[in-house]
Amino acid sequence: MTAVATLPGTFSLGLSRGATELREFFRQKENLIFTVSLPAILMLLLGTVYVKEPAAGQMFAASMIGAGIISTSFVGLGMSVVADREDGTLKRLRGTPMPFTSYFIGKIVLVFVSSLVEAVLLMAVAMLRFDVELPSTAQKWFTFGWVFVLGVISCSLIGVALSSIAKSTRNAAGVLNLPYIVLQFLSGVFISQAVLPESLRVTGSLFPLKWVCQGFRSVFALDDGYAVMEAAGSWELGKIALVLGAWTIAGLLLVTRTFRWSNTTS
Amino acid sequence: MNAIRVRGLKKAYKGHQAVAGVDLDVARGEVFAVLGPNGAGKTTTVEILEGHRGRDAGEVSVLGDDPARAGRVWRSRLGIVLQSASDAANLTVHEAVRHYAKYYADPRDPDEVIELVGLAEKAKSRAGTLSGGQRRRLDVALGIIGRPELVFLDEPTTGFDPEARRHFWGLIKSLAAEGTTILLTTHYLDEAEALADRVAVLAGGRIVAEGTPQTLNGRAHADATVRWLSDRGYQEVRTSEPTKVIAELSRHGELAELTVTRPSLEDVYLELIA
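Presented here is an overview of the structure given in this document. Computed from a predicted model, the values in this text were never measured in an experiment.

1. Looking at a negative patch on the surface
No. 1: Taken together, the side chains of Asp109, Asp111, Glu112 and Glu115 of chain B make up a negatively charged region of the molecular surface.
No. 2: Structurally, the position occupied by Asp109 of chain B is in the loop between α3 (93-101) and α4 (110-116).

Rendered as structure tokens:
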């Protein structure tokens with residue numbers, strides 16, 4: 001079979017899928033409003049209430065960026081996979097020679113670009129309205145980078161795994177939004193984890209959101225003295241990498257075990 | 001070599017035997033229609049052939065490979081036209097067809113395919129704005145963009161208006177004329193009659209009859225019904241020799257509203273699945 005050599009490569013097909021995914025994503029108004037802009041709008045609203053001094057602005061903006069990328073990865077990607085199952089996208093793709101990995105690469109491209117757009121928008125609001133300053137050192141940007149990447153990947157995988165539970169997009173909105181909203185309260189986004197009762201703090205600390213937000217706070221804090229405000233009294237960067245890494249592996253295992261191409265059983 | 005060869009195919013869901021021992025042969029270049037009521041096992045059978053569903057027993061060969069084990073290259077030789085997809089709603093027709101062309105080693109030209117399915121005027125419209133018939137034609141475009149040797153069409157014209165169906169039939173005939181093997185499932189007997197070289201009737205998970213639409217279940221040799229209008233109202237005679245009967249009758253003069261009919265494919269079909 002000569003066709004073996006000429007079928008397009010998995011990676012280039014993945015990039016091509018990513019471009020198509022982005023095109024579809026940005027043409028849908030609900031994505032632009034809820035997924036991309038909502039964190040920036042919340043920043044504006046809640047920031048006006050909470051932020052009384054520059055240091056608080058830095059911390060709150062960092063937490064909101066964390067919450068925002070979980071919204072685009074965990075909720076957004078989970079929803080998009082459920083929609084792909086519902087509207088026949090996955091069924092159609094399964095009937096083509098496209099490798100499953102290419103579909104996934106496309107989704108990763110979608111999540112990274114939409115998360116980045118969302119984060120840039122939020123930072124713009126934070127800088128213009130609350131005078132939030134960007135991280136100043138290369139080392140802080142490096143931390144920002146790996147927390148961003150690990151956070152997006154781990155939460156994307158968990159979102160896709162959970163999407164297999166949801167039978168429809170209506171259903172999925174609940175399945176995905178409920179843990180997301182609850183975790184925002186348990187992970188130090190709206191309320192500092194230090195003031196939470198032990199049981200809630202431990203629960204929140206089991207999931208990625210707390211660690212992503214803590215990582216971003218370490219980047220945006222005016223100085224490292226603010227680490228005392230964390231539940232553990234330090235930034236715990238090593239532990240952040242460990243927890244997010246563990247969730248990435250767990251998510252990968254869950255996705256390979258639970259992924260379904262369609263809503264009908266085989 | 002046949003495009004499709006199936007022997008003793010079985011598949012059960014939770015105690016319900018959906019497919020109960022199906023044998024099937026589809027020659028290359030043939031248009032083959034599978035008929036049958038809802039729940040007869042049509043979709044299950046087709047999905048097993050497409051490699052989308054596992055089977056409990058039986059041998060299956062599609063384009064020389066077992067669908068349960070075949071890979072990307074095999075897949076690139078098939079075209080599957082989905083029944084009720086609404087995907088790619090935010091892409092234009094041209095964007096969607098061009099994107100799917102990228103999956104194949106030797107795709108057709110996207111513009112030619114759009115022209116072929118009659119969507120040239122809609123090429124720049126979003127897929128989500130197409131009418132039902134136009135949407136199905138886009139599905140066909142996406143199904144044939146990879147130059148498939150074998151195309152699966154699962155109830156392709158459900159919900160079409162009569163004109164759209166005729167257009168669609170023309171499209172399928174032009175594909176068949178290029179030598180593409182086509183496996184079609186349908187509820188419409190006239191569709192099977194218009195398109196298929198051979199048909200099989202599936203009922204209760206088994207094939208109860210197989211043949212050309214013209215000869216299915218002895219249709220060609222069945223008794224004819226001669227009908228005419230006399231002073232006493234409509235008269236009917238069932239006979240194996242209609243010519244003789246008419247010659248006899250016409251000696252008495254002109255016969256009003258004379259017709260000779262044999263059982264339609266629909267009559268034969270309804271008898272088979274009863």
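2. Some details on the pairing of strand β10 (residues 224-230) of chain B
The side chains of a regular strand alternate, first on one face of the sheet and then on the other.
Residue and element names in this part refer to chain B.
No. 1: Of the strand pairs in this sheet, β10 and strand β11 (residues 233-239) are connected by seven bridges, and their pairing is antiparallel. Following the sheet pairing, Ala224 is matched in β11 by Thr239.
No. 2: Here β10 folds back onto β11 in antiparallel fashion, the turn holding two residues.

3. Re empty space enclosed by the protein
No. 1: The tally for this structure, following the rule as stated, stands at three cavities of 30 Å³ or more.
No. 2: Taken as a whole, the largest cavity encloses approximately 80 Å³ of empty space.
No. 3: Residue assignment for the lining of the largest cavity shows that the elements contributing at least two residues are α5 (89-94) of chain A together with β5 (78-81) and α5 (132-144) of chain B.
No. 4: Here the lining of the largest cavity takes three residues from β5 of chain B, the largest share from any one element.
No. 5: The class makeup of the residues in the lining of the largest cavity is six nonpolar, four polar and two charged.
No. 6: Empty space within the second largest cavity amounts to approximately 50 Å³.
No. 7: For the lining of the second largest cavity, the elements supplying multiple residues, two or more each, are α2 (10-26) of chain A together with α3 of chain B.
No. 8: Considering each element in turn, the lining of the second largest cavity owes the most residues, three residues, to α2 of chain A.
No. 9: Tallied by class, the residues present in the lining of the second largest cavity amount to three nonpolar, three polar and three charged.

4. Considerations on the interface of chain A and chain B
No. 1: Facing 30 residues of chain A, the contacting portion of chain B comprises 32 residues.
No. 2: Three residues stand out in chain A for area buried against chain B, namely Arg27, Arg92 and Pro97 of chain A, and they jointly supply 25% of the buried area on that side.
No. 3: Across the chain A-chain B interface, the total number found is five salt bridges.
No. 4: In this structure, Glu47 of chain B and Lys91 of chain A form a salt bridge, with 3.5 Å as the shortest nitrogen-oxygen distance.
No. 5: Applying the counting criterion to the chain A and chain B interface returns 15 residue pairs in polar contact (both at pLDDT 80 or more).
No. 6: Sorting the residues of the side of chain A that touches chain B by element identifies α1 (3-6), α2 and α5 of chain A as the ones contributing at least two each.
No. 7: A per-element tally of the side of chain A that touches chain B places α2 of chain A first, with seven residues.
No. 8: By residue class, the composition of the side of chain A that touches chain B is 10 nonpolar, 12 polar and eight charged.

5. So, the pattern of salt bridges
When the charged atoms of two side chains lie near each other, side chains of opposite charge can form a pair.
No. 1: Scanning the entire structure with this criterion turns up 30 salt bridges over all chains.
No. 2: Bridged by salt links that share partners, the residues Arg92 of chain A together with Asp87, Arg135, Arg136 and Asp139 of chain B form one connected network.

6. Details of the sheet that holds strand β1 (residues 4-13) of chain B
Residues and elements named next belong to chain B.
No. 1: The sheet built from three strands is open, its strands ordered β2-β1-β4 with antiparallel pairing. The open sheet has two free edges, formed respectively by β2 (16-26) and β4 (57-62), since each of these has just one partner strand. Mean inter-strand twist for the sheet, computed between neighbouring axes without regard to direction, equals 25°.
No. 2: As paired strands, β1 and β4 are joined by five bridges and run antiparallel to one another. Bridge pairing in β4 places Ile4 opposite Val62.
No. 3: On top of the sheet, helix α1 (residues 42-49) reaches β1, β2 and β4; it is set at about 120° to β1, its chief contact.

Conventions used here
Residues numbered from 1 in each chain as written. Chains lettered and ligands numbered in written order. Predicted model: local features only at pLDDT ≥ 70, side-chain atom pairs only at ≥ 80, totals over all residues. Heavy atoms only, no water. Patch = residues over 30% accessible without salt bridge, like charges linked within 9 Å, V, L, I, M, F, W, Y side chains within 5 Å. Areas by Shrake-Rupley, 256 points an atom, 1.4 Å probe, with all protein chains shown as cover. Salt bridge = Lys/Arg side-chain N within 4 Å of Asp/Glu carboxyl O. Lys, Arg positive; Asp, Glu negative; His and termini not counted. Charge placed at Lys NZ, Arg CZ, Asp CG, Glu CD. Helix = DSSP H or I, 4+ residues; strand = E, 2+ residues; numbered from the N terminus. Pairing = 2+ DSSP bridges. 1 Å grid on protein atoms, 1.4 Å probe; cavity = no way out; pocket = protein on both sides within 12 Å on 5 of 7 lines; lining within 4 Å. Points joined across faces, edges and corners; volume = space filled by probe spheres on them. Nonpolar A, V, L, I, M, F, W, Y, C, P; charged D, E, K, R; others polar. Contact = heavy atoms within 4.5 Å. Buried area = accessible area lost by both parts, 1.4 Å probe. Polar contact = N/O pair within 3.5 Å; in protein donor to acceptor, adjacent residues only side chain to side chain. Axes fitted to C-alpha atoms, helices over the stretch in contact; angles between N-to-C directions.

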